[in-house]
Amino acid sequence: MTTSHFASRKTLADRVVGRATRMWKVREVLGGSSSNILGASEHVIKDVWLLADTTLESDIQNQIFKNLSRHAEREARLYFLTILEEEWISHYDTWYIASIQSHQSASATGDGLVPWRSRRHIRTLIKEVCLSVYDLADFRSLFQCLTGVMKGAAVFRYSSDM
């Protein structure tokens, strides 16, 4: 994503609680940032602030697939989004004001600030654009979707047992 430019087509999520997750449906801008020629394929960019020690989604996926046989991996990939790129944008340490009652500890600095958990700003480019469950047209599609979720969860369980 560092050399690619994308035009947002639609906001899919904005400031989902906890990780400040934002997601956009995008198309790649062909010819650089000053061009107005859009690629044909739509993708999703997920922008999130993760705790610094959190494992990246692409690393989790790679570990799951690594634990499976070739045949099982091909089958399992049907139930996971394809991560085209994932990059670390920035990093910062957060500080908060210590409450007198709950944080009178040796870790507090002289100015009353206590270090909190460091966060990393991560952007992920995802190949597929999904449909919200709320936008599914019929129960057959809903049950097909839920079946896929259950199969994906089974892959998680199977891969962690290895």
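This text goes with the structure placed above it.
Owing to the predicted nature of the structure, the values given are computational and were not obtained by experimental measurement. (Residues numbered from 1 in each chain as written. Predicted model: local features only at pLDDT ≥ 70, side-chain atom pairs only at ≥ 80, totals over all residues. Heavy atoms only, no water.)

**Description of the overall build of the chain**
A count of helices and strands for the chain gives 3 helices and 7 strands. For the chain, the N- to C-terminal ordering of α and β elements is β-β-β-α-α-β-β-β-β-α. Each of the 162 residues in the chain was classed as buried or not, and the buried ones make up 25%. Sequence separation of 24 or more characterises 58% of the internal contacts of the chain that already satisfy a separation of 6 or more. (Helix = DSSP H or I, 4+ residues; strand = E, 2+ residues; numbered from the N terminus. Buried < 20%, exposed > 50% of the residue type's maximum accessible area, 1.4 Å probe, protein only. Contact = heavy atoms within 4.5 Å.)

**Concerning helix α1 (residues 57-66)**
Within α1 the residues assigned to the buried category are S58, Q61, I64 and F65. What you see down the axis of α1 is that its buried residues fit within an arc of 125°, all on one side. (Arc of directions from axis to C-beta.)

**Here we look at the pairing of strand β3 (residues 37-51)**
In the sheet, strand β2 (residues 21-30) pairs with β3 via 8 bridges, with the strands oriented antiparallel. Across the sheet, residue L30 finds its bridge partner in β3, namely I37. (Pairing = 2+ DSSP bridges.)

**What about the pattern of salt bridges?**
Applying the stated rule across the entire model yields 6 salt bridges. D47 is the partner of R22 in a salt bridge, and the nearest nitrogen-oxygen pair spans 2.9 Å. In this pair, R22 is assigned in strand β2 and D47 in strand β3, connecting sequence segments 25 residues apart. Owing to a relative accessible area of 27%, R22 belongs among the partly exposed residues under this scheme. Residue class for D47 comes out buried when judged on its relative accessible area of 0%. Note that R123 and D47 form a salt bridge whose closest N and O atoms lie 2.7 Å from each other. (Salt bridge = Lys/Arg side-chain N within 4 Å of Asp/Glu carboxyl O.)

**Let's talk about the environment of K46**
Looking at the secondary structure, you find K46 in strand β3. With a relative accessible area of 17%, K46 lands in the buried category. C-alpha of K46 to C-alpha of W24: the two residues are 22 residues apart in sequence and 6.7 Å apart in space. What K46 contacts, discounting residues up to four positions off in sequence, is T21, R22, M23, E57, I122, R123, T124 and I126. For K46, the side chain forms a polar contact with the side chain of E57, separated by 2.5 Å. (Polar contact = N/O pair within 3.5 Å; in protein donor to acceptor, adjacent residues only side chain to side chain.)

**Observations regarding helix α3 (residues 139-160)**
Along an α-helix, a turn takes 3.6 residues, which lines up residues three or four apart on a common side. Compared with the 32 Å implied by 1.5 Å per residue over 22 residues, the 32 Å span of α3 between its first and last C-alpha is a close match. Looking at α3, one finds that the buried residues are G148, G152, V155 and S159. What you see down the axis of α3 is that its buried residues fit within an arc of 50°, all on one side. Of the residues in α3, the exposed ones pointing more than 90 degrees away from the buried face are F139, F143, V149, M150, R157 and S160. Packed against the buried residues of α3 are α1 and α2 (70-76). The residue sitting at the N-terminus of α3 and contributing the capping side-chain oxygen is D138; that oxygen lies 3.3 Å from the backbone nitrogen of R140. (Expected span 1.5 Å × (residues − 1).)

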